[in-house]
Amino acid sequence: MTAGLLLAAGAGRRYGRPKALVELDGEPLVRRAIRLLTDGGCAPVHVVLGAGADEMPDLPGAVSVRHDRWSDGLGSSLLRGLASLPADVSATVVVLVDQPLLSPVAVRRVRAAYTGAAVVVVATYAGRPGHPILLGRQTWPLLNRYAVGDRGARDLLRERPDLVVEVPCDDVGTPVDVDTPADLRAVTDASATEAAPRWSPRDS
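Since the structure is predicted, the reported quantities are computational estimates derived from the model, not experimental observations.

This part covers the overall build of the chain. Along the backbone of the chain there are six helices and nine strands. Here the C-alpha radius of gyration of the chain, 15 Å, is about what a compact globule of 204 residues would show, namely 17 Å. The principal-axis extents of the C-alpha atoms in the chain amount to approximately 40 × 35 × 30 Å. Counting the 204 residues in the chain, one finds 54% classified as buried. Counting contacts in the chain only where the partners sit at least 6 residues apart, residues at least 24 apart contribute 69% of the total. Side chains of the chain give 23 positive and 24 negative charges; the mean places of these two sets differ by 3 Å.

What follows is the structure in structure tokens.
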């Protein structure tokens, strides 16, 4: 069983509000990201919520996971989400709520590359690791060391390349971030024209 894990707990300080609540084409980013994971074949889908959790809309098709220590950073949200998954989940696909131009095709590609030898599968864009990332359960204890502050799985990818399989996904989407209202306008234009906005790599 491959679950989906959506990290959506941040306050969105640069944006001015939690980005999970920001709408693109009339749909909150949190719902869009849930649909990304479900369309990519993940089940169950867990959503880590923190800032703005009391304002969240209904999230059909997902399990809400409250994280009261969301301000500790992305790493703590990742660990909270992993701990919430059922015992029969062998791997999970992780995405961030502020990357609305990711594709379900990318989710399916990383799932398809998951084998006994590949316990971490990462989508790449222009040769750089991004999201989605699939983490086999074998790696979850390792993340207690790596997922600190606003660092998620990036250092695990860097220090344990023997565990990692890379899957190019340039042709099916982009991991561009929505950090500000200007970013949202660029993403909205890209969504309407199917043109990918310029991407700046960020921590995985």
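Quick look at helix H1 (residues 29-39) now. In an α-helix, one turn spans 3.6 residues, which is why side chains three or four residues apart end up on the same side. Within H1, burial applies to Leu29, Val30, Arg32, Ala33, Ile34, Leu36 and Leu37. At the C-terminal side of H1, glycine 41 shows a positive phi close to 95°.

Reading across from one edge, S5-S4-S1-S6-S8-S7-S9 is the order of the seven strands in this open sheet, with mixed pairing throughout. Every other strand in the sheet has two partners, leaving strand S5 (63-66) and strand S9 (164-168) as the edge strands with one partner each. Along the sheet, successive strands turn relative to each other by an average axial angle of 25°, direction set aside. Sheet topology places strand S7 (residues 120-125) next to S9; five bridges connect them, and they run parallel. When the bridges of S9 are listed, valine 121 appears paired with valine 165.

A few words now on the confidence of the model for the chain. Within the chain, residue pLDDT values average 90, and 92% of them lie at 70 or more. Between residues 197-204, whose pLDDT stays under 50, and residues either more than four places distant or in other chains, the model counts 28 contacts.

Looking now at the pattern of salt bridges. According to the stated counting rule, one finds 13 salt bridges in the structure shown. A salt bridge links aspartate 171 to arginine 109; the shortest N-O distance between them is 2.8 Å. Residue aspartate 171 is found in the loop between S9 and helix H6 (181-193), and its partner arginine 109 is found in helix H3 (residues 104-112); the two are separated by 62 residues along the sequence. Given the relative accessible area of 58%, aspartate 171 is considered exposed. Judged by its relative accessible area of 26%, arginine 109 falls in the partly exposed class.

Let us now look at the side chain of histidine 67. Following the sequence through the fold, histidine 67 ends up in the loop between S5 and helix H2 (74-84). Taking the relative accessible area as the measure of exposure, histidine 67 reaches 6% and is therefore buried. A distance of 3.0 Å separates a polar atom in the side chain of histidine 67 from a polar atom in the side chain of serine 76. Each residue touching histidine 67, except ones within four places of it in the same chain, is listed here: Val48, Leu49, Gly50, Ser76, Ser77 and Arg80.

A full pass over the atoms with the stated rule returns zero disulfides. Cysteine 169 supplies the cysteine sulfur nearest to cysteine 42, a cysteine that is in no disulfide, at a spacing of 13 Å. Owing to a relative accessible area of 5%, cysteine 42 belongs among the buried residues under this scheme.

With that settled, consider the environment of threonine 115. Note on placement: threonine 115 falls in the loop between H3 and S7. Looking at threonine 115, the relative accessible area reads 42%, which means it is partly exposed. Between the C-alpha atoms of threonine 115 and glycine 136, which are 21 residues apart in sequence, the distance is 9.2 Å.

Calculation rules
Residues numbered from 1 in each chain as written. Predicted model: local features only at pLDDT ≥ 70, side-chain atom pairs only at ≥ 80, totals over all residues. Heavy atoms only, no water. Helix = DSSP H or I, 4+ residues; strand = E, 2+ residues; numbered from the N terminus. Rg over C-alpha atoms; globule rule 2.2 N^0.38 Å. Buried < 20%, exposed > 50% of the residue type's maximum accessible area, 1.4 Å probe, protein only. Contact = heavy atoms within 4.5 Å. Lys, Arg positive; Asp, Glu negative; His and termini not counted. Charge placed at Lys NZ, Arg CZ, Asp CG, Glu CD. Pairing = 2+ DSSP bridges. Axes fitted to C-alpha atoms, helices over the stretch in contact; angles between N-to-C directions. pLDDT = per-residue confidence, 0-100. Salt bridge = Lys/Arg side-chain N within 4 Å of Asp/Glu carboxyl O. Polar contact = N/O pair within 3.5 Å; in protein donor to acceptor, adjacent residues only side chain to side chain. Disulfide = S-S within 2.5 Å.

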